[in-house]
Amino acid sequence: MLFQLPTETGLRAVSFGGDVNGLLPTSITQLSGYAGWQQSPYGIPYILGSTVYDRAGRSLGALPWTIRQTVTWSADGRLLCAAVPERATTGAQMRLETARPGEPAKLIASGFMVYSDNATYPVLACDASTDRAIVASFGQGVAPSRLTVFRLSTGAIIRSVDYAGMMGWVAASADGTMLVETLPFDTASQRWSATIRSADDGTTMGRVDGFVAHGFSGDNSLLVGASESIAAVVDWKTGRAVWSTSGTYGGFLAEPAGRRLAVGIGFVGGSDQRDVYLVSADGSAALLPAHVRVALRY
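Here's what I pulled together on the structure shown here.

### Considering the environment of L63
- Take L63: it is sitting in the loop between β7 (59-62) and β8 (72-73).
- On the basis of relative accessible area, L63 is assigned to the buried category, the value being 10%.
- The spatial distance from the C-alpha of L63 to the C-alpha of T89 is 21 Å, given a sequence separation of 26 residues.

Written out as structure tokens, the structure reads:
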């Protein structure tokens, strides 16, 4: 996991267990409340601005897209995946594309959604090993409106889900095989319920009440998110909280194919700094230095 200390311009790396760390030969200007890089699942390579860099800080080439926020790394860190409009005009057809760092984009599928400048279109999962990619649209970046599961090799649509009119959240496992949908189950008390489903056919696999799920651990066995005024990591098969702490949930990163997670606590998207914990599957956790900057997923 890559991070930056408040007094440094260098970029550091730490293992999810916290036992190994070091300094990369990269200098990044401090940006208020924003980590200006995006790491691949294994940390290296990473994106800084519109350029991809290797461990030594050498450029691997520029991104082939101008709509920066849609870029997602594949599960193995070899591909960049993006959902982009044919043109940046409301009503344009959306395209799912992939690219290797420094290479032109390759079209995977098109025409599956219609672009709106009031929406975002993140690629929630992109994994060649499972041959899956998942694209969602979020109205004004807040509530999901539609989700599409693709066969990555051919662009064939496996399944589409319409969430229009529903307030909630949806996230996918890194391998694209599972979804977690969070919806209110008690409107009066404003409590939420997270339902785990098969991405391919929507089969219900589990449910955690009183929990807003934002993602899975790398092995798909744990959920990370929020329960009332705490951030938590939960075993979704049993509903047991593996780890929790008071404070506002502020994003996460998952150890690839593992059970360890980095979890942020604090205000999301603003200038306030957050605490970042390295959480192990046994519930133990290590706190990174104060005011550390980490590029977390939300």
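### Description of the pattern of salt bridges
- Under the defined criterion, the tally for this structure stands at 9 salt bridges.
- Between R132 and D200 there is a salt bridge, and its shortest N-O distance comes to 2.9 Å. With R132 in strand β14 (residues 132-139) and D200 in the loop between β19 (191-198) and β20 (204-209), the pair connects residues that are 68 residues apart, well separated along the chain.
- Assessed through its relative accessible area of 29%, D200 is described here as partly exposed.
- A salt bridge links R260 to E255; its shortest N-O distance comes to 2.9 Å.

### With respect to the pairing of strand β27 (residues 275-279)
- Among the 5 residues in β27, 4 count as buried, and that is most of the element.
- Relative to β27, strand β26 (residues 261-265) runs antiparallel, the two sharing 5 bridges. Bridge pairing in β27 links L261 to V279.
- Where β27 hands over to strand β28 (residues 285-287), the hairpin turn is made up of 5 residues, of which G283 adopts a positive phi near 95 degrees.

### Things to note about the sheet that holds β8
- What the 4 strands build is an open sheet, ordered β8-β9-β10-β11; its pairing is antiparallel. One side of each edge strand has no neighbouring strand; the edge strands of this open sheet are β8 and β11 (106-114).
- Bridge analysis of strand β10 (residues 93-99) against β11 gives 5 bridges, and the strand direction is antiparallel. Bridged to R95 within β11 is S110.

### As for the state of the cysteines
- According to the stated counting rule, one finds 1 disulfide in the structure shown.
- Across the disulfide, C81 is cross-linked to C126 (sulfur-sulfur distance 2.1 Å). Disulfide C81-C126: torsion about the S-S bond near -70 degrees, hence left-handed. Remark: C126 occurs in strand β13 (residues 123-127) and C81 occurs in strand β9 (residues 80-85); sequence separation between them is 45 residues.

### Let's talk about the environment of V52
- By the element assignment, V52 lies in strand β6 (residues 51-53).
- In this structure, the C-alpha to C-alpha distance between V52 and W37, residues 15 residues apart in sequence, is 9.5 Å.
- The residues touching V52, leaving out its near neighbours within four places in the chain, are P45, Y46, I47, R58, S59, L60, G61, L63, W73, L80 and P101.

### Comments concerning the packing of aromatic side chains
- This structure, assessed with the given rule, holds 5 aromatic pairs.
- With a centroid separation of 6.0 Å and 25 degrees between ring planes, the pair formed by Y46 and Y53 is classed as stacked.
- The interplanar angle of 75 degrees and the centroid separation of 4.8 Å between the aromatic rings of F112 and F150 together place this pair among those described as edge-to-face. Note that F112 is positioned in strand β11 and F150 in strand β15 (residues 143-151), a separation of 38 residues in sequence. This pair shows no difference in class: F112 is buried, exactly as F150 is.

### Here we look at the environment of R293
- The topology assignment puts R293 in strand β29 (residues 293-294).
- Taking the C-alpha atoms as reference, R293 lies 28 Å from S137; in sequence the two are 156 residues apart.

Analysis parameters
Residues numbered from 1 in each chain as written. Predicted model: local features only at pLDDT ≥ 70, side-chain atom pairs only at ≥ 80, totals over all residues. Heavy atoms only, no water. Helix = DSSP H or I, 4+ residues; strand = E, 2+ residues; numbered from the N terminus. Buried < 20%, exposed > 50% of the residue type's maximum accessible area, 1.4 Å probe, protein only. Salt bridge = Lys/Arg side-chain N within 4 Å of Asp/Glu carboxyl O. Pairing = 2+ DSSP bridges. Disulfide = S-S within 2.5 Å. Contact = heavy atoms within 4.5 Å. Phe/Tyr/Trp six-rings, centres within 6.5 Å; stacked < 30°, edge-to-face > 60°.

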